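The primary structure of each chain is shown beneath.
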There are 2 protein chains.
Amino acid sequence: MKVIAFTGMPGSGKSEAVKVAREMGIPVIRMGDCVWDEVRKRGLELNDENVGRIANEMREKYGKDIWAKRTFEKIDPSWDIVVIDGIRNIEEVEFFREKLGKDFTLIAIHASPETRYRRLMERKREDDSTTLEKIKERDERELGWGIGVVIAMADVIITNDGSLHGFREKIKDTLSTFLAPPEEGKNENL
Amino acid sequence: MKVIAFTGMPGSGKSEAVKVAREMGIPVIRMGDCVWDEVRKRGLELNDENVGRIANEMREKYGKDIWAKRTFEKIDPSWDIVVIDGIRNIEEVEFFREKLGKDFTLIAIHASPETRYRRLMERKREDDSTTLEKIKERDERELGWGIGVVIAMADVIITNDGSLHGFREKIKDTLSTFLAPPEEGKNENL
């Protein structure tokens, strides 16, 4: 089984990459869902405060790779391929690398800060008080959790400063290389 | 004036990128030379221990961007373009971004850990007791200084997992975009 994890800074296009994976019929596990499961299991309300608190409490108690471990348990062994969304620190990467060796691939999506800030400003919703300052704070929070190290240590980096179409094609091409090859006789024209 | 800084993990191909810049006639300033200048100024021997100690002492005393400031002073104002080699932390990036705005471009060179480790093992010299363990320690040291954050915040990422020739072409193409366009009438075939 091939396990592919996507990582990237806010506004890099990570969510779009995950969307392309879903459209290709690839199962996706959101690491955040494991935190939600735990919050629900404890009978707590699903809000940002509880989710953030439980996520950190569990990391402190069981190690920085606890959410990678929980995510790994969610993988259906019958799957040929799965995409994992939400890697945040290098300990999670190391957990998957130890478990899966060459069957694990970490893909970082990268766009320049200029591109990301423009996207995030354009994307802001009516109910959202997004400012450049808040966007930069979010960057710093993610970098503080260690996402820079994760990007530096990625197996593959896909850049996303051009068109949405071009980016989606790059993601499709990359994911296709992990899919089982077509059966013999079906690709004689290649 | 365009200022281009290269960054990258050990074995990524950063030195090769700098070499391409030199071959194109672009002046290069090594941030490490500023540390060497300081070590010499103090009448100390130029060895790893003194260089490392002075580099850190000065960072603690004058701020994490001290070597960026010293490097900036070395830029000849008559140059149209200059390449800076050796960015290590985000404070140095912020110094250049504040000073130069859009005239500063941070280019990160990226290769997968697998590619980098293979290259570094192949590159080891006779007098070098390189082991995979030591290579990983060096990675951790660079990541500890904050190079992951620098890579995450790069303006451009150039990947280097394929051929040397292909990589050199990518660097040439990228650097060419920063050079002054040819005079009018000289490029009528384009």
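How should the relation of the copies chain B and chain A be read in this particular structure?
Superposing chain B onto chain A takes a rotation of 180° combined with a translation of 0.0 Å along the rotation axis, leaving an RMSD of 0.0 Å. The superposition of one copy onto the other is thereby described by a two-fold rotation axis. Among all C-alpha atoms of chain B, that of Gly148(B) lies closest to the rotation axis, at 2.1 Å. In this assembly the copies share their binding face: 100% of the residues contributing to the interface of chain B also contribute to that of chain A.

I would appreciate a short explanation of the packing of aromatic side chains in the present structure.
The description of two aromatic rings rests on the distance between their centres and on the angle between their planes. Residue and element names in this part refer to chain A. Taken as a whole, this structure holds 6 aromatic pairs over all chains when the rule is applied. Measuring from ring centre to ring centre gives 5.5 Å for Phe-95 and Phe-96, while their planes differ by 75°; the resulting arrangement is edge-to-face. Comparing Phe-95 with Phe-96, the two get one shared label, buried. Considering the side-chain rings of Phe-96 and Phe-104, the 5.2 Å spacing of their centres and the 10° angle between planes classify their relative orientation as stacked.

Help me out: how do you make sense of the sheet that holds strand β3 (residues 81-85) of chain B in this one?
Strands belonging to one sheet form pairs held by backbone hydrogen bonds; the direction of such a pair is parallel or antiparallel. Residue and element names in this part refer to chain B. The strand order β2-β3-β1-β4-β5 describes an open sheet built from 5 strands, whose pairing is parallel. Since the sheet does not close on itself, it has two edges, and those belong to β2 (28-30) and β5 (156-159), each with one partner. Looking at each pair of strands side by side, their axes are set apart by 25° on average, direction ignored. Helix-sheet contacts for helix α1 (residues 14-23) involve β1 (2-8), β2, β3 and β4 (104-110), and the interaxial angle to β1 is about 155°. Contacts from helix α9 (residues 164-176) reach β1, β3, β4 and β5 within the one sheet, and its direction differs from that of β5 by about 160°.

Sorry, what's going on with the interface of chain B and chain A here?
Often, the extent of an interface is quoted as the loss of accessible area on bringing the components together. If you look at the interface, chain B gives 21 residues, while chain A gives 21 residues. Approximately 1,500 Å² of surface area, both sides summed, lies buried where chain B meets chain A, with 66% of it carried by carbon and sulfur atoms. Scanning the region where chain B abuts chain A turns up 2 salt bridges. Note that Glu114(B) is salt-bridged to Lys102(A), the shortest N-O span being 2.8 Å. If you look at where chain B meets chain A, you find 6 residue pairs in polar contact (both at pLDDT 80 or more). Contributions of two or more residues to the side of chain B that touches chain A are made by α6 (113-123), α7 (132-144), α8 (147-152) and β5 of chain B. Across the side of chain B that touches chain A, the residue classes tally to 11 nonpolar, 4 polar and 6 charged.

Would you explain the nonpolar core in this entry?
The nonpolar side chains of a soluble globular protein tend to be buried, and buried together. Phe104(A) and Phe104(B) are the most contacted members of the largest nonpolar core, which totals 77 residues. Apart from the residues within four sequence positions on either side, Phe104(B) is in contact with Val3(B), Ala5(B), Ile87(B), Val93(B), Phe96(B), Arg97(B) and Asp155(B).

Got a minute to help me understand the environment of Ser78(B) in this structure?
Structurally, Ser78(B) can be placed in the loop between α4 (66-73) and β3. Taking C-alpha positions, Ser78(B) is 8.4 Å from Met1(B), a pair spaced 77 residues apart along the chain.

Whenever I open this one, the side chain of Asp65(A) confuses me. Can you help?
Mapped onto the secondary structure, Asp65(A) falls in the loop between α3 (48-62) and α4 (66-73). Once residues lying within four places of it in the same chain are set aside, the contact partners of Asp65(A) are Glu91(A), Glu92(A) and Phe95(A).

How should I be thinking about the packing of helix α6 (residues 113-123) of chain A against helix α7 (residues 132-145) of chain A in this particular structure?
Axes are the key here: two packed helices are described by the angle between their axes and the distance separating the axes. Residues and elements named next belong to chain A. At a minimum axis separation of 10 Å, α6 and α7 run at an interaxial angle of 125°. Taken together, the axis directions place α6 and α7 in an arrangement best described as oblique. Considering the relative orientation of α6 and α7, their crossing is right-handed. Facing α6, whose interface residues are Arg-116, Tyr-117, Leu-120 and Met-121, α7 presents Leu-132, Ile-135, Lys-136, Arg-138 and Asp-139.

Calculation notes
Residues numbered from 1 in each chain as written. Chains lettered and ligands numbered in written order. Predicted model: local features only at pLDDT ≥ 70, side-chain atom pairs only at ≥ 80, totals over all residues. Heavy atoms only, no water. Least-squares fit on C-alpha atoms with pLDDT ≥ 70 in both. Contact = heavy atoms within 4.5 Å. Phe/Tyr/Trp six-rings, centres within 6.5 Å; stacked < 30°, edge-to-face > 60°. Buried < 20%, exposed > 50% of the residue type's maximum accessible area, 1.4 Å probe, protein only. Pairing = 2+ DSSP bridges. Helix = DSSP H or I, 4+ residues; strand = E, 2+ residues; numbered from the N terminus. Axes fitted to C-alpha atoms, helices over the stretch in contact; angles between N-to-C directions. Buried area = accessible area lost by both parts, 1.4 Å probe. Salt bridge = Lys/Arg side-chain N within 4 Å of Asp/Glu carboxyl O. Polar contact = N/O pair within 3.5 Å; in protein donor to acceptor, adjacent residues only side chain to side chain. Nonpolar A, V, L, I, M, F, W, Y, C, P; charged D, E, K, R; others polar. Core = buried A, V, L, I, M, F, W, Y, C linked by side-chain atoms within 4.5 Å. Parallel < 35°, antiparallel > 145°, perpendicular 65-115°, else oblique. Left-handed = near helix turned anticlockwise from the far one by under 90°.

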